[in-house]
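Remarks on the overall topology
Listed below are the residues making up each chain.
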Amino acid sequence: MKKFIPAICLIGLLVSCNNSKKLEEVVEVPLPEKEEVVVEMGNPADVKVDEGGSFEMIPLPYAYNALEPHIDAKTMEIHYSKHHLGYANNLNKAIAGTEMANMSIEDILKKLDPENKAVRNNGGGYYNHNFFWEIMGANKGGEPTGDLAAAINKDFGSFADFKTQLIEAGMKQFGSGWAWLILDKTGKLSIVTTANQDNPLMTKLGNTGTPILAVDVWEHAYYLKHQNKRKDYLEGFFNVINWDKVAEKYAAAVTPAVK
Ligand code: MN
């Protein structure tokens, strides 16, 4: 907007000076400086939802460049400050004035009417991305330990088999969506995929369970760095998984009575 103000002033001056024969002086008014295109990385802490919304931006637990080289800083910045912020603001708009404005995001999704597309897409987007940011970190990767490692070995054969299956699932998800490790109702770990911003909490859509691990396979999650090579991105993702966080999710899922 700023760049238009001098132009409007100039027009104003031209009109007002039209009869004063001072046009030559007037046209010497300096033109606005050309805007410099500076690519600067923002600060995730500066990203806030529009005022009055029920759900806030949960701070990203690391800097935009923390997951380099596997997930590049520019992708993280756009993903968090544009895509994720959009889901949060649109969710807030969709639930404003409804009983959902006072519910947890988990309860909103569990009770979701799938026909409510605004909440389905944006509530899913808000939950899924918060989950995704949380289970990644700088200098992570490796393999899980303890109870989670034992459960993965029991239900998938080995960690290597689990990794292969999660990558395959992510590859097979046609178009936009997510690949998940969930704890299903029988207490078994399994891999599922969901389209768009759907997730395993949406009981009316199937594939229901408690999310343990999530990976975003929308192109916006990897295209700047990996272009069409989704598999490279998925393999890189395994270098940034925060297995301590994933183990916390698993522990909470197997002991729901503690809540
Ligand atoms: Mn995304």
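Everything here concerns the structure above.
Since this is a predicted model, take the numbers as computed values, not measurements.

**Quick word on the overall build of the protein**
- The secondary structure content of the protein amounts to 10 helices and three strands.
- Ordered by position from N to C terminus, the α and β elements of the protein give α-α-α-α-α-α-α-β-β-β-α-α-α.
- Across the 259 residues of the protein, 43% fall into the buried class.
- In the protein, once contacts between residues fewer than 6 apart in sequence are set aside, the share between residues at least 24 apart is 67%.

**Side note on helix α3 (residues 73–95)**
- The end-to-end C-alpha distance of α3 is 32 Å, a good match for the 33 Å that 23 residues give at a rise of 1.5 Å each.
- Just beyond α3, the residue with positive phi is Gly-97, at close to 80°.

**Let's talk about helix α5 (residues 117–134)**
- A rise of 1.5 Å per residue sets the reference length of α5, with its 18 residues, at 26 Å; its end C-alpha atoms lie 25 Å apart and thus fit the reference within 8%.
- The buried count for α5 comes to 14 of 18 residues, which makes it a mostly enclosed element.

**Examining unusual backbone geometry**
- The step from Glu-68 to Pro-69 runs through a cis peptide bond, and the omega angle for that step is 0°.
- By secondary structure assignment, the location of Pro-69 is in the loop between α2 (23–26) and α3.
- The backbone of Asn-139 shows a phi angle near 55°, a positive value even though the residue is not glycine.
- Within the secondary structure layout, Asn-139 lies in the loop between α5 and α6 (146–156).

**A word on the environment of Asn-89**
- Its place among the elements puts Asn-89 in helix α3.
- The exposure class assigned to Asn-89 is buried, which follows from its relative accessible area of 12%.
- Taking the C-alpha atoms as reference points, Asn-89 and Glu-51, separated by 38 residues in sequence, lie 9.3 Å from one another.
- Ignoring anything within four residues of it in the chain, the contact list for Asn-89 reads Val-49 and Asp-50.

**Points about the packing of α3 against α5**
- One can describe the packing of α3 onto α5 by two numbers: an axis separation of 8 Å at closest approach and a directional angle of 140°. Between α3 and α5, the angle is such that the two are oblique. The way α3 lies across α5 gives a crossing that is left-handed. For the pair formed by α3 and α5, the contact residues are Met-76, His-79, Tyr-80, His-84, Gly-86, Tyr-87, Ala-88, Asn-90, Leu-91, Ala-94 and Ile-95 on the first element and Ala-118, Val-119, Asn-121, Asn-122, Gly-123, Gly-125, Tyr-126, His-129, Asn-130, Phe-132 and Trp-133 on the second.
- When the residues that make up the contact of α3 with α5 are grouped by side-chain class, the tally is 12 nonpolar, 10 polar and no charged.

**Some points on the layout of surface pockets**
- Counted as a void, the largest pocket has a volume near 650 Å³.
- What lines the largest pocket is a set of 26 residues, and nearest its centre among them are Glu-106, Tyr-127, Leu-201, Thr-210 and Pro-211.
- Broken down by secondary-structure element, the contributors of at least two residues to the lining of the largest pocket are α4 (105–110), α5, β3 (210–216) and α10 (243–254).
- Considering every element that reaches the lining of the largest pocket, the biggest residue donor is α5, with six residues.

Calculation notes
- Residues numbered from 1 in each chain as written.
- Predicted model: local features only at pLDDT ≥ 70, side-chain atom pairs only at ≥ 80, totals over all residues.
- Heavy atoms only, no water.
- Helix = DSSP H or I, 4+ residues; strand = E, 2+ residues; numbered from the N terminus.
- Buried < 20%, exposed > 50% of the residue type's maximum accessible area, 1.4 Å probe, protein only.
- Contact = heavy atoms within 4.5 Å.
- Expected span 1.5 Å × (residues − 1).
- Axes fitted to C-alpha atoms, helices over the stretch in contact; angles between N-to-C directions.
- Parallel < 35°, antiparallel > 145°, perpendicular 65-115°, else oblique.
- Left-handed = near helix turned anticlockwise from the far one by under 90°.
- Nonpolar A, V, L, I, M, F, W, Y, C, P; charged D, E, K, R; others polar.
- 1 Å grid on protein atoms, 1.4 Å probe; cavity = no way out; pocket = protein on both sides within 12 Å on 5 of 7 lines; lining within 4 Å.
- Points joined across faces, edges and corners; volume = space filled by probe spheres on them.

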